[in-house]
Structures are given as structure tokens and as C-alpha cells.
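Survey of secondary and tertiary structure
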Amino acid sequence: MELSVIGSSQVKLGRTDFACREFGYVILKNNSRFSNGRVCFGQNLRLKKGGMGLKAIHVEPIREMKKNLSGSRTRSKQVDGVRLFVGLPQDTLSHDCNSINHSKAIAAGLKALKLLGVEGVELPIWWGIVEKEAMGKYDWSGYLAVAEMIQKVGLKLHVSLCFHGSKKPNIPLPKWVSEIGESESSIFFTDRSGQHYKECLSLAVDNLPVLNGKTPVQVYQSFCESFKSSFSPFMESTITGISMGLGPDGELRYPSDHELPSNRKTQGVGEFQCYDQNMLSLLKQHAESHGNPLWGLGGPHDVPTYDQSPYASSFFKDGGSWESSYGDFFLSWYSAQLIAHGDSLLSLASSTFGDTGVSIYGKIPLMHAWYGTRSRPSELTAGFYNTANRDGYEQVAEIFAKNSCKIILPGMDLSDANQPNETHSSPELLLAQTMTTFRNQGVKVSGQNSSEFGVPGGFEQMKKNLSGDNVLDLFSYQRMGAYFFSPEHFPSFTELVRSLNQPKLHLDDLPIEEEEGAESAVMSQESNVSMQAA
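All values reported here derive from a predicted model rather than from experimental measurement.

Their axes nearest at 10 Å, the elements helix α12 (residues 458–465) and helix α13 (residues 490–499) cross at an angle of 10°. Taken together, the axes of α12 and α13 lie roughly parallel to each other. When α12 is examined against α13, the residues Phe 459, Met 462 and Lys 463 are found in contact with a partner set consisting of Ser 492, Phe 493, Glu 495, Leu 496 and Ser 499. Residue composition of the contact of α12 with α13, by class: 4 nonpolar, 2 polar and 2 charged.

Put into C-alpha cells, the structure is as follows:
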């Protein structure tokens, strides 16, 4: 691990070796190495059992100084700018034993982020881990231990409450929920071929007593209340924000793209997810109330499959069914169901955490494929009735404003220039539209990048989106792991942090009593030291 330290309000650096001991590693010079291989040059060492490794971390904290009345220089708060958070690994906690995975690497990483000037970290808290065995039986111990680690380092904590499952890493829904789903598959989203999406519950069961006599909304509320009680010592002082899980991957959307093959260059349009028993029942009632019972028999029939272009069938073509009276009927209903679901869960979060002093957030996706077409099918299948003739985000912004919640917009590392031409994709235009719509409703906007493994031109695009008039509430960089701390990535992240703050200080700006210690702690930026934490 490479470390260049210029002052810190958290660690008093009198000697280089003291700083190294604080981080739990040893600085090596002249290409030497330990015989046990724990710390060495030029090797990409990883945690045992495939865990997280740290490599080539270069840290330079960015702080401003001020003089007190006695004339001596002291440290002041980090300069104003975008509040930067970094996501912790999705599998920070073990699903099997509720213990902290790669804890030493995370501890060292937290200290590195603190010295660099990052404000805090984001922690996913999984429903399937906390309430795994039985309804109402919560185990917060592992997450409380992580919160204590973060508090001791002096970082802030943004918590994401995840009421969905994940395939990578493998974190399913609570065992007791999955068991219910084995006999009652209608609690899951379903596509027109009958495939079930089992990583989250269908929004159509929000208020149905399908979970051992309770509704999902009631179960979510009990979970939130238990979280609030268990983490009350951390509220506002350490925990400053809570993201409410709203659907697949925590986002307010339908899982319309879950069957898209990852190796295709051309992004398909996805599929409507309205074929579970309860969604079809709602659609039937809606059609009958509008005097068109035949429109309630199912979703559109003339639509492409997951990986097809909008031109494979007639529905999304110019002049297609999406522009007909039936198309408007169906798309309005499909979108309204999603918005009502989001309103319900944001209202739940706002009422539960409104007296804690923390900010409440929700996240929507950036379905930018086919944005250059008139029908914008990727957004329609995901539940956003946004076309060339209609702003599909205005009603979404209204529910965020109504519930005093902030919005998280992903994809701030995506540029139009790096998208395939054949998909008519425009993440920049879609991001600009959503940011404008939410701000017009008085909703504060936060940002997030799209990929933890980087995209072409990603850092340049993030700097562009985080500068100028794009004043964000916070930016959550995803996500800590072996690649995050690699020499291929971490220097670029360091430059991003610097771009969000004032330039680094000269040694002349340090308190006099620390000048000598800080100077001795500045190490060569050319060295490349890896650390393995077990």
C-alpha cells in the first residue's frame, strides 16, 4: 500500500512508522518483501477465500487551515463541495453467519478514505440477512459492528435498506419469504412467458396479507422500526442518510431487463412485468372501470422480447400501438402502479425516520437505451411513461417532494460518446431531463456511478456532472473492493476527490509542531505496495 500523508485531523503523524502502524501494514523499500507474502511489491494479493485485497493506495487528505486568535494554525472543516460517499462491498456481511467479511481490508480502507477527505460510506443492509429465519426475528449484530467501525474512524454513514435479493453476490430474500413463494408464486413479478422474478416482491401485493397474514408494507414498516430502535445511538451523529429500497436493485422500477443477456452489444427493450395473478387482477378492474373490459385481459401482444430491438414488433414503432388509445390506457396504468408503490414506501420511510434528523432517499434507474427514439421503450417497460411527447418523471418527482425525500440518480459516469449507435442511447440527455424535472419540484438530487469496474471516460464524465451548475446533495461512488484499491483505478479516484475539493496544501500550511512528522510521512508515489488482509 502506497501512502502519502499531508496532515490529518484524525491521526497525529509524528513518525512514518506510527502512521503505518495505524493502518496495520509495513512500508517496504528497495523492492524488499516479507517472506510470508503478506506485503509485497507488484503483486495483486487478495483476501483468502476470494475476499477483498488492497493494492497501491495513494492517500493525500485535502483540508483547509485557519488561524485561531492566538495566531497558531489549526485544522478546520473540509472545504465546501460535493459530499462524497463510497459504497462498502455488497457482501460486507456474510449471509451464512452474519459476520463481517474481509474486515481488516475494510478497516484499512476506511482509514484511507478518511485521510483522503471522503465524508462517509454507504452500507447496504439486506432484508435477507437481518430477518432471514422468521418474520419479526431480527439480527442486527453484524451491521451494528460495521457501524461502530465507521464511527470510530470518524466517517459518516449512509444506509441502504435492501428489500430485494441479489444474484452477485448471492443474497436471497429471507428464507421464510422464499418458502412462501414456493407455493404462492404470484407474490413475484411475472412476464408474459410465465417466468418469475424472485429477487423482490411484486408491487401488486404491497397491501395484501400474503406474508403469514401480514402485508409486505407492514413487514417493511416493522423492519424499519426495528432498525431505527437498534441504531438509535448512531442516528444523525454517524448515520446521516437512509435510502429506502423501492424495487429491483433498490430502484423504483419493474424488473423489465432481468433476462437481458450481458454479452450482447445491442440493448434490447425489455418486457412488461404485469402477468402475475395480482397485477392481472388490478389491470382487469381498471379496464372494466374504463368501459373496456377486453383491454384488461393482459399486456400488449405486439411487443418485442427482452433482447429484441423496438423494431422487431409493431408496438414501439412510430405510429405503433403505444400512440393509440389502448397504448395510453395501458402505459398510464402500468406507470401509475409503480408510482403508487413508490409513494407508499417513501411515505413509510418518511413517517418512520422523520424525527431522527437523517435525510431519506430513494433511487430511480437511468434506462437510457433507445432514448433517441420517440417511444423510448426501455423506460416504458421499466414503468416510466416517458416519451418524446410526455415527461414521465414529473409524477415521480411529485411523490418525492410530497414525502420530503431526496432522489439518487445513477449513471453519472456515462457519456453519449461511449454508447453503441444502434441503440440510440443518450444517458446525458436522460440525466439532464430527470435532474431538471426533480429540481423543478424542489427535490434535492444526488448522484451515483453505474459500474464499480469503470466505464470508458467514466471519471471525466463524473467530473463534468459534479461541476458547474450541477450542484448535488451528495455523490455515492460505487463501490469498495479489490478493483477499487488497485493501481489501475485508485489513482483516478484520488484525482476525482481532489477535483471536488481545494488543491492539496503545502507543508508550510501545516501546524508547526507537525511539519517535521508530516514531511517524513510523505512517501514516493512510484512505489507500489500491496496488502493482504485476512
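Note that Gln 419 resides in the loop between β12 (406–409) and α11 (427–440). With residues up to four places along the chain from it excluded, the contact list for Gln 419 reads His 368, Leu 414, Ser 425 and Pro 427.

As for its placement among the helices and strands, Glu 251 is situated in the loop between β10 (239–244) and α7 (277–289). The exposure class of Glu 251 is buried, given its relative accessible area of 10%. At 2.7 Å, the side chain of Glu 251 and the side chain of Arg 253 are in polar contact. What Glu 251 contacts, discounting residues up to four positions off in sequence, is Leu 246, Lys 363, Ile 364, Pro 365 and Pro 410.

Along the polypeptide, Asp 191 turns up in the loop between β8 (188–190) and β9 (196–201). Of the side chains with opposite charge, Arg 192 comes closest to the buried, unpaired Asp 191, at an N-O distance of 7.4 Å. Side-chain polar atoms of Asp 191 contact the side chain of Ser 193, separated by 2.9 Å. A polar contact is formed between the side chain of Asp 191 and the backbone nitrogen of Gln 195, at a distance of 2.9 Å. Excluding residues within four positions of it along the chain, Asp 191 makes contact with His 258, Glu 271, Phe 272, Gln 273, Tyr 275 and Tyr 306.

Moving on to the sheet that holds strand β6 (residues 120–126). Around the barrel, which closes on itself, the 8 strands sit in the order β5-β6-β7-β10-β11-β12-β13-β14 with parallel pairing between neighbours. Each strand axis lies, on average, 30° off the axis of its neighbour in the sheet, ignoring direction. As paired elements, strand β13 (residues 445–448) and strand β14 (residues 474–477) share 2 bridges and run parallel to each other. When the sheet's bridge partners are listed, Gly 447 is paired in β14 with Phe 475. Where helix α4 (residues 141–153) meets the sheet, its contacts fall on β6 and β7 (156–162), and the angle it forms with β6 comes to roughly 180°. Sheet strands touched by helix α6 (residues 216–230): β6, β7 and β10. Its angle to β7, the strand with the most contacts, is close to 160°.

Once that is clear, we can look at α13. Along α13, the residues classified as buried are Phe 490, Phe 493, Thr 494, Leu 496 and Val 497. Projected down its long axis, α13 shows its buried positions confined to an angular sector of 155°, all on one face.

Model confidence for the chain is summarised by a mean pLDDT of 82, while 77% of its residues fall at 70 or above. Taken as a whole, residues 62–79 scores under 50 in pLDDT and shows 49 contacts with residues more than four places along the chain or in a different chain. This stretch, residues 502–534, has a pLDDT under 50; its non-local contacts, to residues over four places away or in other chains, come to 101 contacts.

What counts and how
- Residues numbered from 1 in each chain as written.
- Predicted model: local features only at pLDDT ≥ 70, side-chain atom pairs only at ≥ 80, totals over all residues.
- Heavy atoms only, no water.
- Axes fitted to C-alpha atoms, helices over the stretch in contact; angles between N-to-C directions.
- Helix = DSSP H or I, 4+ residues; strand = E, 2+ residues; numbered from the N terminus.
- Parallel < 35°, antiparallel > 145°, perpendicular 65-115°, else oblique.
- Contact = heavy atoms within 4.5 Å.
- Nonpolar A, V, L, I, M, F, W, Y, C, P; charged D, E, K, R; others polar.
- Buried < 20%, exposed > 50% of the residue type's maximum accessible area, 1.4 Å probe, protein only.
- Polar contact = N/O pair within 3.5 Å; in protein donor to acceptor, adjacent residues only side chain to side chain.
- Lys, Arg positive; Asp, Glu negative; His and termini not counted.
- Salt bridge = Lys/Arg side-chain N within 4 Å of Asp/Glu carboxyl O.
- Pairing = 2+ DSSP bridges.
- Arc of directions from axis to C-beta.
- pLDDT = per-residue confidence, 0-100.

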